[in-house]
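Observations on the three-dimensional arrangement
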Amino acid sequence: MYFTCANVSLKRLLFVCNMILFLLILIFPPPRRLLLRLSGLSMARVLSLFRPQPVLALVSRYKPASCNMSMDSRVREVFAAAVEAVQPDAVVRQSVERKDDSVAIGGRRFTLKHNLHLVGFGKAVLGMAAEVERMMGDHLVDGVISVPHGIQQTMRQHGKSHLLPKENGQIEVMEGAKHNLPDEDALRAAEKIKQLAKRLTEKDLLLVLISGGGSALLPAPLPPVSLQEKLDVTRRLAAAGATIQELNTVRRALSVLKGGGLAKYAHPAQVVALILSDVIGDPLDLIASGPTVRSEVWPEEILSILERYKLLHCIPTSVKDVIQRQSRKDNVDESDTAGHVQNVVIGSNSTALERARLRARELGFHPVVLSPGVCGDVRSVSKLYGLLTLFACSPEEPPAEVAAEVLALGPEVGVASWDLCRTMRELGERRRAAAGGLAATCLLAGGEPTVELTGKGRGGRNQELALRVGLEWRGLELPPNGPIFLSGGTDGQDGPTEAAGAVTDAGLYAEAQAQGLDIEKFLINNDSYTFFSSLSSGKHLLVPGLTCTNVMDVHVLLFPSTFSNKG
Ligand SMILES: Nc1ncnc2c1ncn2[C@@H]1O[C@H](COP(=O)(O)OP(=O)(O)OP(=O)(O)O)[C@@H](O)[C@H]1O
Ligand SMILES: O=C(O)[C@H](O)CO
């Protein structure tokens, strides 16, 4: 009896304490997170204890400031944070340490004696070079960088002058590769870079700045292959859906500077390459086609790639000759360049996803990172996101076949089964915790899917992916303020368009229908840019302008909590 009474009083006491704690949580916004953490409860749990509508209405008045932002703004903020993390000046600062007359990079220290030379090529190289100049300009003898057409003007227009090297400084900035395609301007820059490397002696230190887009900005076709012929081959491969691994394996075989050629020219100087990776898994020999990484060319491999995409019959004789000429024996490099070369990856898609994860948390979402290596056809990738949506949003546990379907997609989209299982489990746990509602969750992924071009429209893989995810969601019963998806190229440019990607939600299909836009027709013609430009005055497009960085694409899928505002 005594114990029962004591139990009842204890329960009452606990109830009163919980009520006080709950009121504190509601009344004082700043310590609310701390109190929730102390009590070990999620907001969804707390609310599931107190169902009455007036309480819910009260809670929605005391949400953190970020909750007042629309879902559209929040998904764009997460993407912006990802891009911010891989700003070229920041990644250089974080990986290079200057102390007196020496510099430490990748665990090695180099003495600076007015012996520093700089070359670079890629979409992020302008800002990387500006930072190197700031840090080591007093020892810099000369430099040549090959950067995208128009990038300096864009940086000035966007108030990003800190990403520009000094106007009359040591670094010559050469712009080229309009629309990301090698051209005569890029060819001239490549020649200058080669000449600079050739002049160096064993006393010199050559800093090579490398980032995505570097292949197009450093074209040096092996004679007798002409620039146009090389361009034709790579263009056809890309249009047929070849991966960047396949594309750059072929590019390396047709180039003087790729595949370690640049390091060979710089020998016997010390070469240090700072690499901002835009290839899945950060393979040094493939990023910008590996100009500082010695790689063997296997003619059989090149021919099999061309055969895979049914291009063997239409490649020029010069290209066939150059491939055949490169027997493995010819490729063996006698000079000991390897000991003189250090390759350091200073940023990648994972760096961007990590910052996106933090930002998503600040905005009130529980982040779940799927993988930084999503690839494969956009059709498979959109299917994957459609299926994963079920784990976060279905009122009930999705049937086992759905999980099996997700796992079966794994190899096609380059995601390991343990990452898929972990993601499905985490999304499921969040859904269960929300007790039938939605739990604020942010699914993040990165990588570089591909599109098989069948039409002649304007678009890019990010816009096409966003459009396809919108289609996947069409048949699902999603709440009106349901999930939102963003796919964006971190370089700010998706295919040959002004947009970096697009944002889509569960209402996309109905919105398009109401405006007389037939999604299927646009997809058949690979016309995703025209579609998004026409839909609701282009409000779904993501247009940050050139970002001066490049670590592939970022995908953000936000699931709002049941109590979020409509986006
Ligand atoms: N109309 C289109 N619709 C969909 N995708 C397209 C379209 N046109 C081109 N693409 C795709 O865009 C990709 C090229 O885009 P982009 O110029 O952004 O290349 P990237 O891979 O980001 O370049 P980088 O070499 O700098 O990494 C190719 O995969 C190509 O298939
Ligand atoms: O330039 C290139 O080759 C691609 O961006 C991959 O690095």
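Since this is a predicted model, take the numbers as computed values, not measurements.

Considering unusual backbone geometry
For the bond running from Pro223 to Pro224, omega is 5°, close enough to zero to count as cis. Residue position: Pro224 is located in the loop between α10 (214–217) and α11 (227–239). With a phi angle near 65°, Ser289 is a residue other than glycine that sits in the positive phi range. Residue position: Ser289 is located in the loop between β8 (270–276) and α14 (299–308). When its relative accessible area of 0% is taken as the criterion, Ser289 is described as buried. You will see that Ser537, though not glycine, has its phi angle at about 55°, which is positive. Relative to the helices and strands, Ser537 resides in the loop between α24 (528–534) and β14 (541–542).

Some remarks on the site of ligand 2
Close contacts around ligand 2 come from Gly212, Gly213, Gly214, Ser215, Ile244, Asn248, Arg251, Asp278, Val279, Ile287 and Ala288, and that covers them all. Gly214 places a polar main-chain atom, nitrogen or oxygen, 3.0 Å from an oxygen atom of ligand 2. Here Ser215 contributes a side-chain N or O atom positioned 2.4 Å from an oxygen atom of ligand 2. Element by element, the count of residues in the shell around ligand 2 is highest for helix α12 (residues 244–253), at three residues. Broken down by class, the residue content of the shell around ligand 2 amounts to four nonpolar, five polar and two charged. In terms of domain composition, the shell around ligand 2 takes at least three residues from each of domain 3 (88–219 + 260–294 + 337–347) and domain 4 (221–254 + 297–331).

Description of the sheet that holds strand β11 (residues 441–447)
Adjacent strands of a sheet form backbone hydrogen bonds with each other and so pair up, either parallel or antiparallel. Read across the sheet, six strands follow the order β10-β11-β15-β12-β13-β14 without closing on themselves; strand pairing throughout is mixed. The strands lining the two open edges of the sheet, one partner per strand, are β10 (366–374) and β14. Relative to strand β15 (residues 553–559), strand β12 (residues 484–489) runs antiparallel, the two sharing six bridges. Counterpart to Gly488 in the pairing with β15 is Val554. In this fold helix α21 (residues 461–474) packs onto β12, β13 (501–505), β14 and β15, with an angle of close to 10° to the strand it touches most, β13.

Here's the deal with the sheet that holds strand β1 (residues 96–99)
Pairing within the open sheet is antiparallel, and its three strands lie in the order β1-β2-β3. Because the sheet does not close on itself, it has two edges, and the strands there are β1 and β3 (108–111). Across the sheet, the mean angle from the axis of one strand to that of its neighbour is 25°, orientation sign disregarded. Packed onto the sheet, helix α6 (residues 88–95) meets β1 and β2 (102–105) and runs at close to 60° relative to β1.

Focus on the site of ligand 1
As a matter of local geometry, ligand 1 sits amid 19 residues, with Lys123, Asn180, Asp278, Gly459 and Asn526 nearest to it. Take Lys123: an N or O atom from its side chain is 2.8 Å from an oxygen atom of ligand 1. Within the backbone of Gly213, one N or O atom sits 3.4 Å away from an oxygen atom of ligand 1. Contact with the protein chains removes 84% of the 650 Å² of surface that ligand 1 exposes when unbound. Residues that form the shell around ligand 1 fall into these classes: three nonpolar, nine polar and seven charged.

Looking at the nonpolar core
If you look at the biggest cluster of nonpolar residues, it comprises 59 residues, and the most contacted ones within it are Ile105, Leu118, Met136, Leu207, Leu274 and Val556. Top contributing element to this core by residue count: helix α7 (residues 125–136), with seven residues. In this structure, this core is formed jointly by two domains, domain 2 (70–84 + 350–559) and domain 3 (88–219 + 260–294 + 337–347), each of which donates at least three residues. Leu222, Val225, Val271 and Ile315 belong to the second-largest nonpolar core, a separate cluster that totals 52 residues.

Description of the UniProt feature "domain: MOFRL-associated" (unreviewed entry) in the chain
Residues annotated in UniProt with the feature "domain: MOFRL-associated" (unreviewed entry) correspond here to residues 75–323. Within residues 75–323, the helical portion is 41% and the strand portion 19%, while the C-alpha atoms at the span's ends are 46 Å from each other.

Details of the packing of helix α18 (residues 378–393) against α21
Interaxial distance between α18 and α21 falls to 8 Å at its minimum, and their mutual angle equals 40°. On the basis of their axis angle, the class for α18 and α21 is oblique. As α18 packs across α21, the resulting crossing turns out to be right-handed. Of α21, the residues touching α18 (which contributes Val378, Arg379, Val381, Ser382, Lys383, Tyr385, Gly386 and Thr389) are Arg461, Glu464, Leu465, Arg468, Val469, Glu472 and Trp473.

Observations concerning α12
Burial within α12 is extensive, with eight of its 10 residues counted as buried. What α12 keeps buried is the set Glu246, Leu247, Asn248, Thr249, Val250, Arg251, Arg252 and Ala253.

Remarks on the pairing of β12
Among the six residues that make up β12, six are buried, leaving the element largely enclosed by the rest of the structure. Side chains Ile484, Leu486 and Gly488 project from β12 onto one buried face, and the interleaved Phe485, Ser487 and Gly489 project onto a second face that is buried too. Where β12 meets β13, five bridges bridge the pair, whose relative direction is antiparallel. For Gly488, the partnering residue across the bridge sits in β13 and is Gly501.

With respect to the confidence of the model for the chain
In the predicted model, the chain carries a mean pLDDT of 87, and the fraction of residues at 70 or more is 84%. This model gives residues 29–65 a pLDDT under 50, and the stretch forms 41 contacts once residues within four places in sequence are excluded.

Focus: the environment of Leu286
Mapped onto the secondary structure, Leu286 falls in the loop between β8 and α14. Assessed through its relative accessible area of 9%, Leu286 is described here as buried. For the pair Leu286 and Glu246, spaced 40 residues apart in sequence, the C-alpha to C-alpha distance is 9.3 Å. Residues contacting Leu286, with those up to four places away along its chain left out, are Gln245, Asn248, Thr249, Arg252 and Val279.

Thoughts on the packing of aromatic side chains
In the structure shown here, the tally under the stated rule is three aromatic pairs. For the ring pair Tyr385 and Phe485, a centre distance of 5.3 Å and an interplane angle of 45° mean the geometry is tilted. Within this pair, whereas Tyr385 is found in helix α18, its partner Phe485 is found in strand β12, the two being separated by 100 residues in sequence. What makes Tyr385 buried here is its relative accessible area of 1%. Their ring planes at 65° and their centres at 5.4 Å tell us that Phe522 and Phe531 sit as a pair that is edge-to-face. Accessibility expressed as a relative area gives 15% for Phe522, which makes it buried.

Criteria and thresholds
Residues numbered from 1 in each chain as written. Chains lettered and ligands numbered in written order. Predicted model: local features only at pLDDT ≥ 70, side-chain atom pairs only at ≥ 80, totals over all residues. Heavy atoms only, no water. Helix = DSSP H or I, 4+ residues; strand = E, 2+ residues; numbered from the N terminus. Buried < 20%, exposed > 50% of the residue type's maximum accessible area, 1.4 Å probe, protein only. Near = heavy atom within 4 Å. Polar contact = N/O pair within 3.5 Å; in protein donor to acceptor, adjacent residues only side chain to side chain. Nonpolar A, V, L, I, M, F, W, Y, C, P; charged D, E, K, R; others polar. Domains from an automatic or database assignment. Pairing = 2+ DSSP bridges. Contact = heavy atoms within 4.5 Å. Axes fitted to C-alpha atoms, helices over the stretch in contact; angles between N-to-C directions. Areas by Shrake-Rupley, 256 points an atom, 1.4 Å probe, with all protein chains shown as cover. Core = buried A, V, L, I, M, F, W, Y, C linked by side-chain atoms within 4.5 Å. UniProt positions renumbered as here; feature names shortened; annotations may be inferred. Parallel < 35°, antiparallel > 145°, perpendicular 65-115°, else oblique. Left-handed = near helix turned anticlockwise from the far one by under 90°. pLDDT = per-residue confidence, 0-100. Phe/Tyr/Trp six-rings, centres within 6.5 Å; stacked < 30°, edge-to-face > 60°.

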